[in-house]
Every structure is written in structure tokens, then in C-alpha cells.
Amino acid sequence: QAYDGHQATAWAVGQLERAARDHGARQIVLGGGVSANSALRAAVRERAARLGVPAACPPLSLCTDNAAVTAAAGWRQFLRRGADALDFDVFSVLPL
């Protein structure tokens, strides 16, 4: 099945609503790289208003993307020790 951003947003906001109701949330805070998604931001704000709680979304300039963080870490590694050979091993976790 193809990825459908609208379905993913609807699912995530539905889960958020359920958790907010189950735990008596007094506020909803959206954070991380996903908080840059304009459709998700709008849907969270709308659902929070329907639930009668405020929603906090950081300014877009503060919504970091994991790819940007990874690229920055890679750049620092490159500056420290230069380029790796093309046959280097791949690691899922590297010390920074």
C-alpha cells in the first residue's frame, strides 16, 4: 500500500486525542522534526481546540530534522578526521 500522508496524520491525531482523553491532558505539545509538518500542526491545533485544551507548536526554525542532525554530525566527523574510504563499515550507532 502506498504511503498516504493524510491517513498518517489522521491516525496520529486520533491516537493523540485518545491519549489526551485517557490521561486528562491539560495541554498538547508537538515537538521534534515532525512538528514542521504543516498538515500535522493544523490537525493538532484543530483537535486540541475541539478538546478544549491549548496546543503548543514550536516555531518552524526550531523544528529540527533528523537528517539535518545527522548531516551536522557527519560534517563534524569529516572536519576532525577527513573523508572515509568508500568501503568503510556501516554502523547504526556512532559516538559523537
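As a starting point, this report considers the structure included with it. (Residues numbered from 1 in each chain as written. Predicted model: local features only at pLDDT ≥ 70, side-chain atom pairs only at ≥ 80, totals over all residues. Heavy atoms only, no water.)

### Structural notes on the nonpolar core
One finds Val13, Ala20, Ile28, Leu30, Leu40, Ala43, Val44, Ala48, Val53 and Cys57 forming the largest nonpolar core, which totals 10 residues. Breaking this core down by element, the ones donating at least two residues are helix H1 (5-23) and helix H2 (38-51). Per element, the largest residue contribution to this core is 4 residues, and it comes from H2. When residues no more than four places from it in sequence are discounted, the contact partners of Leu40 are Thr9, Val13, Leu30 and Val34. (Core = buried A, V, L, I, M, F, W, Y, C linked by side-chain atoms within 4.5 Å. Buried < 20%, exposed > 50% of the residue type's maximum accessible area, 1.4 Å probe, protein only. Helix = DSSP H or I, 4+ residues; strand = E, 2+ residues; numbered from the N terminus. Contact = heavy atoms within 4.5 Å.)

### Remarks on the pattern of salt bridges
All told, the structure shown has 5 salt bridges when counted by the stated rule. The partner of Arg21 in a salt bridge is Glu17, with the nearest N and O atoms 2.8 Å apart. Here Glu17 and Arg21 lie together in helix H1, a separation of 4 residues that amounts to about one turn. The buried category is assigned to Glu17, whose relative accessible area is 14%. With a closest N to O distance of 2.5 Å, Arg47 and Glu17 form a salt bridge. Here Glu17 lies in helix H1 and Arg47 lies in helix H2, a separation of 30 residues in the sequence. Judged on exposure class, the residue Arg47 and its partner Glu17 are both buried. Salt bridges sharing common partners tie together Glu17, Arg21, Glu46, Arg47 and Arg50. (Salt bridge = Lys/Arg side-chain N within 4 Å of Asp/Glu carboxyl O.)

### Focus on H1
Taking 1.5 Å of rise per residue, the 19 residues of H1 would be expected to cover 27 Å, and the 27 Å separating its terminal C-alpha atoms lies within 8% of that figure. Every buried residue of H1 is accounted for by Thr9, Val13, Glu17 and Ala20. Looking straight down H1, one finds its buried side chains confined to an arc of 70°; they lie on one side. Turned more than 90 degrees away from the buried face of H1 sit Trp11, Arg18, Asp22 and His23, all of them exposed. (Expected span 1.5 Å × (residues − 1). Arc of directions from axis to C-beta.)

### Some words on the environment of Asp65
One can find Asp65 in the loop between strand S2 (55-56) and helix H3 (66-81). Residue Asp65 is classed as partly exposed on the basis of its relative accessible area, which comes to 45%. When the C-alpha atoms of Asp65 and Val34 are compared, they prove to be 7.7 Å apart, with 31 residues separating the residues in sequence.

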